[in-house]
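# Observations on the three-dimensional arrangement
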Amino acid sequence: MANVLLSEAEKTYILHGIQKDYRNDGRTNRDYRPMELETDVVVHAMGSARLRLANTDILVAVKADIDIPSPNRPKEGKLEFFVDCSANATPDFEGRGGEELATEISNTLSKAYLSQQAFDLTPLCILAKHQCWKLYVDILILECGGNLFDAVSLAVKAALYNTKLPRVSSAELDGGAMDIILSDDPYDCERLNIDAAPLLVTVCKIGDCCVVDPSAEEEECSAISVVIGVSRKKGNKSSVTSIRTSGEGSFHSDTLMKSLDLGVSAAAYLDKALMAALKADEENNTKPLGEKEIFGFLK
């Protein structure tokens, strides 16, 4: 993540504001900054999205290929994440600086999505044990302004919502070999059910308080943070699919439980706002690529 040099006076100012539930940009400790979202921005991808959260800018493209199901999951498709930290995003990403962070983000996403409680890969199976769809989710971090994990997960869910797979009109075994016929009609496609796709929520401990959506400056003041993967189920029930901590500090058990509760409630709020924005964008924004309007939410 981007390192921001702060003086002790600046850190004290940020800490005192958070203790009074009033951050230096006017938000409370539970508030997110406004976001801007575009979908269908990469022409040759099955689905794509670009999300801006303050100075953080994320581009996600989804591509698909036909593969063989894993032996331990013969009735499911596959999902892989690839993260690229652009050297222009922050000086910290120059050389090999971004590789470690990219690996952390992709591993965290994989753990959250591949949980049995989260994303259902069964619809990606074409013929059990023989053929399935394999989705490649490519994530490019264009600019880093804090709270990368949350922004990446929102952009990934938006791109998966935008993904359209060719309909399989025929799939059968012919002499031991698979014979698959895909529809060549661009409008004859299948959409993914991403209702339960998890979101990542970062909760930073600053002093004795916890905040969501930390800015780059607030991340510098935090000794420890926890990234929580949260999946929403039917009936608006939420389940935690992954937990990842980072930093040299520690959580008291009570503080950790409060952080988890804050993360789950923030994820429910984010998911509701994101899905409403995606559906409104799809219904109202029918302009061609290059002329589409940028859709803002959490304003």
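Quick note: structure is the one above.
Residues numbered from 1 in each chain as written. Predicted model: local features only at pLDDT ≥ 70, side-chain atom pairs only at ≥ 80, totals over all residues. Heavy atoms only, no water.

Moving on: helix 1 (residues 8-19). An ideal rise of 1.5 Å per residue puts 16 Å on 12 residues; helix 1 measures up with 16 Å between its terminal C-alpha atoms. Within the sequence span of helix 1, burial applies to I14, G17 and I18. The buried side chains of helix 1 occupy one side of the element, clustering within an arc of 100 degrees when seen end-on. Exposed and facing more than 90 degrees away from the buried side of helix 1 are E8 and A9. (Helix = DSSP H or I, 4+ residues; strand = E, 2+ residues; numbered from the N terminus. Expected span 1.5 Å × (residues − 1). Buried < 20%, exposed > 50% of the residue type's maximum accessible area, 1.4 Å probe, protein only. Arc of directions from axis to C-beta.)

This part is about the environment of D138. With respect to the helices, strands and loops of the structure, D138 is situated in strand 6 (residues 131-143). Exposure remark for D138: the relative accessible area of 26% places this residue in the partly exposed category. Remark: the alpha-carbon pair of D138 and A61, spanning 77 residues in sequence, is separated by 5.3 Å. Apart from the residues lying within four places of it in its own chain, the contact partners of D138 are L59, V60, A61, K63 and F82. (Contact = heavy atoms within 4.5 Å.)

Side-chain alternation along strand 12 (residues 209-212) places C209 and V211 on one buried face and C210 and V212 on a second face that is also buried. Counting the residues between successive antiparallel strands, the hairpin from strand 11 (residues 199-206) to strand 12 contains 2 residues, one of them, G207, with a positive phi of roughly 70 degrees. (Pairing = 2+ DSSP bridges.)

A word on the pattern of salt bridges. What the rule picks out here adds up to 16 salt bridges. In this structure, R23 and E218 form a salt bridge, with 2.8 Å as the shortest nitrogen-oxygen distance. One end of the pair, R23, is in the loop between helix 1 and strand 1 (35-39); the other, E218, is in helix 4 (residues 216-220), with 195 residues separating them in the sequence. Note on R23: relative accessible area 1%, which makes it buried. (Salt bridge = Lys/Arg side-chain N within 4 Å of Asp/Glu carboxyl O.)

It is worth spelling out the sheet that holds strand 13 (residues 224-232) at this point. The strand order across the open sheet built from 4 strands is 12-11-13-14, with neighbouring strands paired in antiparallel fashion. At either margin of the open sheet sits one strand with a lone partner, and together these are strand 12 and strand 14 (238-247). The mean angle between the axes of side-by-side strands here comes to 25 degrees, regardless of whether they run parallel or antiparallel. With 7 bridges joining them, strand 11 and strand 13 adopt antiparallel strand pairing. Looking at strand 13, one finds that V201 is bridged to I228. Relative to strand 11, helix 3 (residues 148-162) is tilted by about 170 degrees, and along the sheet it contacts strand 11, strand 13 and strand 14. Against the sheet, helix 5 (residues 253-284) touches strand 11, strand 12, strand 13 and strand 14, its axis set at about 140 degrees to strand 11. (Axes fitted to C-alpha atoms, helices over the stretch in contact; angles between N-to-C directions.)

The analysis is restricted to geometry; functional conclusions fall outside its scope.
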